[in-house]
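Next come the chains, spelled out residue by residue.
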Amino acid sequence: MSDIETLARRVEQLEAVEAIKRVKYKYLFNCDQKKPEQVRECFADGKVDIDFGRIGRFDSADALVAVYTEMACHEHIVEMHHAQNPQIELLGGGRARGLWGLYYHMIDTQQQTATQLGGYYEDEYVYVEGAWKIRATRFVVTSSQVLDVSEALVKCVFAGAAPPA
């Protein structure tokens, strides 16, 4: 392989990694902005594998988006998904996988609680019709904290690896 071919291949790989990062960032940003249609665009059509633990397990992006809309698309739910430390591996054949750290913060102004989660995503991506899409995703909670913010003094309701049911 010539130097030019090697360079072209490396650029193509860098562009693929950046496109995968953009689809994940688009997903997280649109979750925070309460835009279910844009959240749905981040996923492949057809059968997917989504495992969000207590939130649920889904075999279609439409099923996930329906639950997301019901649970999170309200003015009293204020969220921030902050992804970090992406580790993207291109597998060839229009497939890739990724591992992402996540810091999540949610304020529920009705319940007067603030929830903080730490964890990571394990993702699989596919390249379809000129774009990278999420085909599988799993979120693993590694830390959580729930605060009662209803009074002048904040009260810690729970802090640890997994909140009680």
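Residues numbered from 1 in each chain as written. Predicted model: local features only at pLDDT ≥ 70, side-chain atom pairs only at ≥ 80, totals over all residues. Heavy atoms only, no water.

1. Some details on the environment of Gly 94
Move 1: Within the element layout of this structure, Gly 94 appears in the loop between strand E3 (77–92) and strand E4 (95–108).
Move 2: Taking relative accessible area as the criterion, Gly 94 reaches 26% and is therefore assigned partly exposed.
Move 3: C-alpha separation for the pair Gly 94 and Tyr 68, spaced 26 residues apart in sequence, amounts to 28 Å.
Move 4: Residue contacts for Gly 94: discarding those within four places in its chain leaves Tyr 125, Val 126, Tyr 127 and Trp 132. (Helix = DSSP H or I, 4+ residues; strand = E, 2+ residues; numbered from the N terminus. Buried < 20%, exposed > 50% of the residue type's maximum accessible area, 1.4 Å probe, protein only. Contact = heavy atoms within 4.5 Å.)

2. Observations regarding unusual backbone geometry
Move 1: For Gln 112, which is not a glycine, the phi torsion comes out positive at approximately 55°.
Move 2: Mapped onto the secondary structure, Gln 112 falls in the loop between E4 and strand E5 (113–128).
Move 3: At Glu 129, a position not held by glycine, the phi torsion is positive, near 50°.
Move 4: Position of Glu 129 relative to the elements: it lies in the loop between E5 and strand E6 (131–148).

3. Digging into the packing of aromatic side chains
Move 1: Across all of its chains, the model carries five aromatic pairs by this definition.
Move 2: On the numbers, 5.4 Å between centres and 80° between planes, the contact of Tyr 25 with Trp 100 is edge-to-face. With Tyr 25 in helix H1 (residues 3–32) and Trp 100 in strand E4, this pair connects stretches of sequence that are 75 residues apart.
Move 3: Trp 100 gets classed as buried once you look at its relative accessible area, which sits at 1%.
Move 4: Between the aromatic rings of Tyr 27 and Phe 43, the centroid separation amounts to 5.6 Å while the plane-to-plane angle is 90°, which identifies the pairing as edge-to-face. Taken together, the positions of Tyr 27 in helix H1 and Phe 43 in the loop between helix H2 (36–41) and strand E1 (49–51) put the pair 16 residues apart, joining distant regions of the chain. Take Tyr 27 and Phe 43: they sit in the same class, and that class is buried.
Move 5: An aromatic cluster is present here, built from Phe 52, Tyr 121 and Phe 139 joined pairwise through their rings. (Phe/Tyr/Trp six-rings, centres within 6.5 Å; stacked < 30°, edge-to-face > 60°.)

4. Looking at the nonpolar core
Move 1: Tyr 27, Phe 43, Tyr 121 and Tyr 125 are the most contacted members of the largest nonpolar core, which has 36 residues in total.
Move 2: The set of elements that each furnish at least two residues to this core consists of H1, helix H3 (61–72), E3, E4, E5 and E6.
Move 3: A per-element tally of this core places H1 first, with eight residues. (Core = buried A, V, L, I, M, F, W, Y, C linked by side-chain atoms within 4.5 Å.)

5. Remarks on H3
Move 1: In a regular helix each residue adds 1.5 Å, so 12 residues correspond to 16 Å; H3 covers 16 Å between its end C-alpha atoms and thus fits that length.
Move 2: The complete set of buried residues in H3 reads Ala 61, Leu 64, Val 65, Tyr 68 and Ala 72. Buried residues in H3, looked at end-on, bunch into an arc of 95°, giving them a common side.
Move 3: Considering only its buried residues, H3 is in contact with H1, H2, E1, strand E2 (57–58) and E3. (Expected span 1.5 Å × (residues − 1). Arc of directions from axis to C-beta.)

6. Describing the side chain of Asp 32
Move 1: Note on placement: Asp 32 falls in helix H1.
Move 2: Buried charge Asp 32 goes without a salt bridge, the closest partner of opposite sign being Lys 34 at 6.3 Å.
Move 3: A distance of 2.5 Å separates a polar atom in the side chain of Asp 32 from a polar atom in the side chain of His 81. (Lys, Arg positive; Asp, Glu negative; His and termini not counted. Salt bridge = Lys/Arg side-chain N within 4 Å of Asp/Glu carboxyl O. Polar contact = N/O pair within 3.5 Å; in protein donor to acceptor, adjacent residues only side chain to side chain.)

7. Description of the state of the cysteines
Move 1: Taken as a whole and judged by the stated rule, the model has zero disulfides.
Move 2: Lacking any disulfide linkage, Cys 42 is separated from the closest cysteine sulfur, that of Cys 31, by 7.9 Å.
Move 3: For Cys 42, a relative accessible area of 0% corresponds to the buried category. (Disulfide = S-S within 2.5 Å.)

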